[in-house]
Amino acid sequence: QVQLVESGGGLVQAGGSLRLSCTSSGFTLDYYTIAWFRQVPGQERERVSCISGSGDIVYPDSVKDRFTTFRDSAKNSVDLQMNSLKPENNAVYYCAEDSVDCNSKYTRWERWGQGTSVTVSS
């Protein structure tokens, strides 16, 4: 059973923007830590954002100042606004859920969606 669902991916020109959305019909996302990851086949998975239930937000240096994550509680979603996109951002983007804080050493990311593809043309 799919527990999280990602949407909003597509084709965008370099320098453009996309807004991805992570939703669930099975539970309320407000209570949980939600992270966005990107995956390119053959490369390591990279976390590109994390927002905890307590409001802490974490980004890696690779996307800092370009990506923003936030909650839309009315839609039961956690969104990722991606600006100034680069060809190296081409990947499948996934959201995942945990019950511990973003930088906890006990994260397990047990709930995942099926991913949404982002293609950035140069």
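Residues numbered from 1 in each chain as written. Predicted model: local features only at pLDDT ≥ 70, side-chain atom pairs only at ≥ 80, totals over all residues. Heavy atoms only, no water.

Asker: I'd like to hear about the pairing of strand E3 (residues 18–23), residue by residue, with values.
Answerer: Each regular strand carries side chains that alternate between the two faces of the sheet. Inspection of the sheet shows strand E1 (residues 5–7) paired to E3 by 3 bridges, in the antiparallel sense. By the bridge assignment, Val5 is partnered in E3 with Thr23. Relative to strand E8 (residues 77–82), E3 is paired through 6 bridges, and the arrangement is antiparallel. When the bridges of E8 are listed, Leu18 appears paired with Met82. (Pairing = 2+ DSSP bridges. Helix = DSSP H or I, 4+ residues; strand = E, 2+ residues; numbered from the N terminus.)

Asker: So what about the nonpolar core? Which residues, and what values?
Answerer: Counting 22 residues, the largest nonpolar core has Trp36, Phe67, Leu80, Met82 and Tyr93 as the members making the most contacts within it. Breaking this core down by element, the ones donating at least two residues are E3, strand E4 (33–39), strand E5 (46–51), E8, strand E9 (91–98) and strand E11 (116–121). Leave out the neighbours within four places in its chain, and Met82 touches Gly16, Ser17, Leu18, Leu20, Arg66, Phe67, Tyr93 and Val118. Ranked by size, the runner-up nonpolar core spans 6 residues in total, among them Ala35, Cys50, Ala96 and Trp109. (Core = buried A, V, L, I, M, F, W, Y, C linked by side-chain atoms within 4.5 Å. Buried < 20%, exposed > 50% of the residue type's maximum accessible area, 1.4 Å probe, protein only. Contact = heavy atoms within 4.5 Å.)

Asker: So what about the pattern of salt bridges? Which residues, and what values?
Answerer: Counted by the stated rule, this structure contains 7 salt bridges. Taking the shortest distance from any N to any O, the salt bridge between Glu46 and Arg38 comes out at 2.8 Å. Its salt-bridge partner being Glu97, residue Arg111 comes within 3.0 Å of it at the nearest N-O pair. Here Glu97 lies in strand E9 and Arg111 lies in strand E10 (residues 111–112), a separation of 14 residues in the sequence. You can call Arg111 partly exposed: its relative accessible area is 26%. By relative accessible area, which is 6% here, Glu97 ends up buried. (Salt bridge = Lys/Arg side-chain N within 4 Å of Asp/Glu carboxyl O.)

Asker: Go over the sheet that holds E3 with me, naming the residues and quoting the values.
Answerer: Taking strand neighbours across the sheet as the criterion, the 4 strands line up as E1-E3-E8-E7 in an open arrangement whose pairing is antiparallel. Of all strands in the sheet, those with a lone pairing partner are E1 and strand E7 (67–72), marking the two edges. Recorded for the sheet is a direction-independent mean angle of 20 degrees between the axes of neighbouring strands. (Axes fitted to C-alpha atoms, helices over the stretch in contact; angles between N-to-C directions.)

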